[in-house]
Amino acid sequence: MNAVELEVQPRETKKRNRAKALRSAGRVPGVVYGGEDNQLVEVDNKAFERIMHNASSDTVLLDLRLGKAKRLALVQEVQHHPLSREALHIDFREVKPDQNVIVALPTIPVGEAEGVKTGGGSMEHVLHYIKMKGTPNTLPEFIEMDVTNLEVGQTLLVRDLVAPEGVEVLADPSNAVVSITRPRVIEETVVEEG
């Protein structure tokens, strides 16, 4: 997983009025925790939204630049306004490059299933995210799965996924990820006049 650089500023006060003033100035309050000490920070909203928009999942590894210091962190939680969907607060969890973390990564089907192409079936993507454990350096951005050989009635299970070396899949091996189903046929009844 590649770390994206993001500049953050220290935040001085916890007062609610100060947080409102920050948001109106285009900045978002946040906190970095998980390291030696918790630190209150503020982030440029546009820069943060651009990073999250370009990310393949909600799990984003950031290289937080705080003055001359750098801290490697995951975006743990983003609180949004219920109507405007603007970010209200961001929680960053500091991690070490060799520390195991658990993240939910997106599963992405690759190719067109044989059962869809020739059998007239439809593909159901059942498990969109899968929990994985590994270090930030070994974790991928997403998990790709080849579905080209799947026929109608076949299912790709978690146990069929190929995880990179050093990454552990934490989901139940018998869970379905992608399934090729038969097309549904609606029978019409014909009424004879007589």
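Data block above holds the structure.
Residues numbered from 1 in each chain as written. Predicted model: local features only at pLDDT ≥ 70, side-chain atom pairs only at ≥ 80, totals over all residues. Heavy atoms only, no water.

### Quick notes on a nonpolar patch on the surface
Here is the rule: Candidate patch residues must exceed 30% relative accessible area and have no salt bridge, after which like charges are joined if within 9 Å and Val, Leu, Ile, Met, Phe, Trp or Tyr side chains if within 5 Å. Where accessible areas are quoted, they stem from the Shrake-Rupley method and a 1.4 Å probe; at the residue level, only the protein chains shown are allowed to cover. We define a salt bridge as a contact between a side-chain nitrogen of Lys or Arg and a carboxyl oxygen of Asp or Glu at a distance within 4 Å. Only DSSP runs of H or I reaching four residues or more are called helices, and only runs of E reaching two or more are called strands; each is numbered from the N terminus. Each residue is placed in one exposure class: buried if its accessible area under a 1.4 Å probe, protein chains only, is under 20% of its type's maximum, exposed if it is over 50%, and partly exposed if it falls in between.
Together, Ile108, Val110 and Phe142 give the surface a local cluster of nonpolar side chains, amounting to about 200 Å² of exposed area. Relative to the helices and strands, Val110 is located in strand β7 (residues 101-110). Owing to a relative accessible area of 34%, Val110 belongs among the partly exposed residues under this scheme.

### A few points about the pattern of salt bridges
Applying the stated rule across the entire model yields eight salt bridges. What emerges from the salt-bridge pattern is a single network uniting Glu5, Glu7, Arg65 and Lys70.

### Focus: the sheet that holds β7
Just so we agree on the cut-off: Here a strand pair is declared whenever DSSP counts at least two bridges between the two strands.
Spatially, β10-β7-β9-β12 is the arrangement adopted by the four strands of the open sheet, whose pairing is mixed. Strand pairing shows two members of the sheet lacking a second neighbour, β10 (143-146) and β12 (168-169), which therefore form its edges. The pairing of β7 with strand β9 (residues 129-134) spans six bridges and is antiparallel. Bridge assignment links Pro106 to a residue of β9, and that residue is Tyr129.

### Quick look at helix α2 (residues 45-54)
Formally: As used here, the arc is the angular range of directions from the helix axis to the C-beta atoms. Any two residues having at least one pair of non-hydrogen atoms within 4.5 Å are treated as being in contact.
Within α2, burial applies to Asn45, Ala47, Phe48 and Ile51. Burial along α2 is one-sided: seen end-on, the buried residues are contained in an arc of 165°. Exposed side chains of α2 directed beyond 90 degrees from the buried face belong to Lys46, Arg50, His53 and Asn54. Buried residues along α2 sit against β1 (4-10), β2 (27-33), β3 (39-44), β4 (61-66), β5 (69-80) and β6 (87-94).

Geometry only, nothing functional implied.
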